[in-house]
Amino acid sequence: MTLPTLPRPHYTVRMPEGHVIHRLANELNERFAGRDLHITSPQGRFAAEASLIDGAPITHAEARGKHLFIDVDAPHPEHILYIHLGLIGEMRFEPTDDVWGQIRLRIDNGEEAANLRGPQWCRLITDAEYDIAVAKLGEDPLREDASPDHLWPRVSRSGRSIGSLLMDQKLFAGVGNIYRAETLFRLGISPFLPGNQLERNEFDSIWFDLVGLMNDGVRAGRIDTVRPEHTPEAMNREPRKDDHGGEVYVYRRSGQPCFVCGTDIAEKVMEGRNLFWCPGCQPD
């Protein structure tokens, strides 16, 4: 699938989900691939690694779930930048003379720079290490090479809840708290339903809804999950105000009435993360 040319966004999302990382990869390929680059670490924590690839062009950037890999055409075994933004990391595309803050990694093409701040990690790895990292990741709904048929047996054998399974990056790579909550609501599936009680048609519906929603997120740069009949304009309501930047059904709406049935949205902690659902539309 070929994605359209994207605007030049700033990536400041907290706990970014997979669509953010795919947008970053697309932007890096569009604006930096094939050009001679000045790669540095103004902060200094990545200076030794940056010096090994400084001056080399990017061959290709790709996202796999929430993980970003940037292949650099440098004559060194460790030639792949491996980045995970974590909870507070961000990468911004900024003018080349705009240098501020704690920049762990800076990729400068002479006109603009991709500046990485606060990542969970930024590493330089070999091809073999790349293979090991990728092997640990699950199926990414945003990748054409993803295989829901490969994923289904693992889900259908599990006694864990589907709400838990959707957050497991070894199963559903790139899916985070927002997509987890919103997809299950849209399909009327309880987040507490065990994987081994999930029907194959329900699993397929989850997968294809994720594919659609997450691709919309790549294109728009925000997560919108409400159907046309539930938009602010259609319902004559105020737009949602939240730092994830989109219209949603249940995420961070605990105590507010469901747009569909009027039941108050519920919230509880599941495995350390806040889970949101509608008890009326998603009965146990």
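Predicted model only: the values in this text are computed from it and were never measured.

Thresholds, definitions, all that
Residues numbered from 1 in each chain as written. Predicted model: local features only at pLDDT ≥ 70, side-chain atom pairs only at ≥ 80, totals over all residues. Heavy atoms only, no water. Pairing = 2+ DSSP bridges. Helix = DSSP H or I, 4+ residues; strand = E, 2+ residues; numbered from the N terminus. Axes fitted to C-alpha atoms, helices over the stretch in contact; angles between N-to-C directions. Contact = heavy atoms within 4.5 Å. Domains from an automatic or database assignment. Buried area = accessible area lost by both parts, 1.4 Å probe. Salt bridge = Lys/Arg side-chain N within 4 Å of Asp/Glu carboxyl O. Polar contact = N/O pair within 3.5 Å; in protein donor to acceptor, adjacent residues only side chain to side chain. Nonpolar A, V, L, I, M, F, W, Y, C, P; charged D, E, K, R; others polar. UniProt positions renumbered as here; feature names shortened; annotations may be inferred. Buried < 20%, exposed > 50% of the residue type's maximum accessible area, 1.4 Å probe, protein only. Core = buried A, V, L, I, M, F, W, Y, C linked by side-chain atoms within 4.5 Å.

**Notes on the sheet that holds strand 8 (residues 121–125)**
The sheet built from 4 strands is open, its strands ordered 2-3-4-8 with antiparallel pairing. Strands with a single pairing partner mark the edges of an open sheet, and in this sheet they are strand 2 (58–64) and strand 8. When the angles between neighbouring strand axes are averaged without regard to direction, this sheet yields 15 degrees. Packed on one face of the sheet, helix 3 (residues 127–135) meets strand 2, strand 3 (67–72), strand 4 (80–84) and strand 8 and runs near 130 degrees to strand 8.

**Focus: the domain arrangement of the protein**
As far as domains go, the protein holds domain 1 (18–135) and domain 2 (148–277). Between domain 1 and domain 2, the residue contacts involve 7 residues of the former and 14 residues of the latter. Of all residues in domain 1, the largest losses of buried area upon contact with domain 2 belong to His19, Arg23 and Lys66, amounting jointly to 73% of the total for that side. For the pair domain 1 and domain 2, the number of links is 0 salt bridges. For the pair domain 1 and domain 2, the interface holds 4 residue pairs in polar contact (both at pLDDT 80 or more). The class makeup of the residues in the side of domain 1 that touches domain 2 is no nonpolar, 5 polar and 2 charged.

**A closer look at the sheet that holds strand 6 (residues 103–108)**
Ordered by their spatial adjacency, 4 strands build an open sheet running 1-6-7-5, and the pairing between neighbours is antiparallel. Every interior strand has two partners, whereas the edge strands, strand 1 (38–40) and strand 5 (90–95), have only one. Adjacent strand axes in the sheet meet at a mean angle of 15 degrees when their direction is disregarded. Here strand 6 runs beside strand 7 (residues 112–117); their pairing, made up of 5 bridges, is antiparallel.

**Quick notes on the UniProt feature "domain: FPG-type" (unreviewed entry) in the protein**
Look at the UniProt record and you will see "domain: FPG-type" (unreviewed entry) annotated at residues 249–283. Between the end C-alpha atoms of residues 249–283 there is a gap of 16 Å, over a span that is 0% helix and 29% strand.

**Things to note about the environment of alanine 50**
Topologically, alanine 50 is positioned in helix 2 (residues 47–53). On the basis of relative accessibility, which here comes to 1%, the residue alanine 50 falls in the buried class. C-alpha of alanine 50 to C-alpha of serine 254: the two residues are 204 residues apart in sequence and 45 Å apart in space. Those residues in contact with alanine 50, other than ones at most four positions away along the chain, are Ile39, Thr40 and Ser41.

**Comments concerning unusual backbone geometry**
A positive phi is found at arginine 252, a non-glycine position, where the angle reads about 60 degrees. Following the sequence through the fold, arginine 252 ends up in the loop between helix 8 (232–235) and strand 9 (266–270). One non-glycine residue, glutamate 271, lies in the positive phi region at around 55 degrees. You can see glutamate 271 is positioned in the loop between strand 9 and strand 10 (273–277).

**Structural notes on the nonpolar core**
Where a protein is soluble and globular, its nonpolar side chains tend to be buried together. Val155, Ile162, Phe172, Leu198, Ile206, Leu210 and Val250 are the most contacted members of the largest nonpolar core, which totals 37 residues. When contributions to this core are tallied by element, the ones reaching two or more residues are helix 4 (148–156), helix 5 (162–165), helix 6 (177–187) and helix 7 (200–220). In terms of residue count, helix 7 provides more of this core than any other element does, 7 residues in total. Leaving out residues up to four positions away in the same chain, isoleucine 206 has contacts with Ile162, Leu166, Thr183, Leu184, Leu187, Ile189 and Leu198. In this structure, Ile58, Leu81, Leu105 and Ala114 belong to the second largest nonpolar core, which totals 30 residues.

**Observations concerning the UniProt feature "domain: Formamidopyrimidine-DNA glycosylase catalytic" (unreviewed entry) in the protein**
With numbering matched to this structure, UniProt assigns "domain: Formamidopyrimidine-DNA glycosylase catalytic" (unreviewed entry) to residues 16–113. End C-alpha atoms of residues 16–113 are separated by 21 Å, and the span's content is 21% helix alongside 36% strand.

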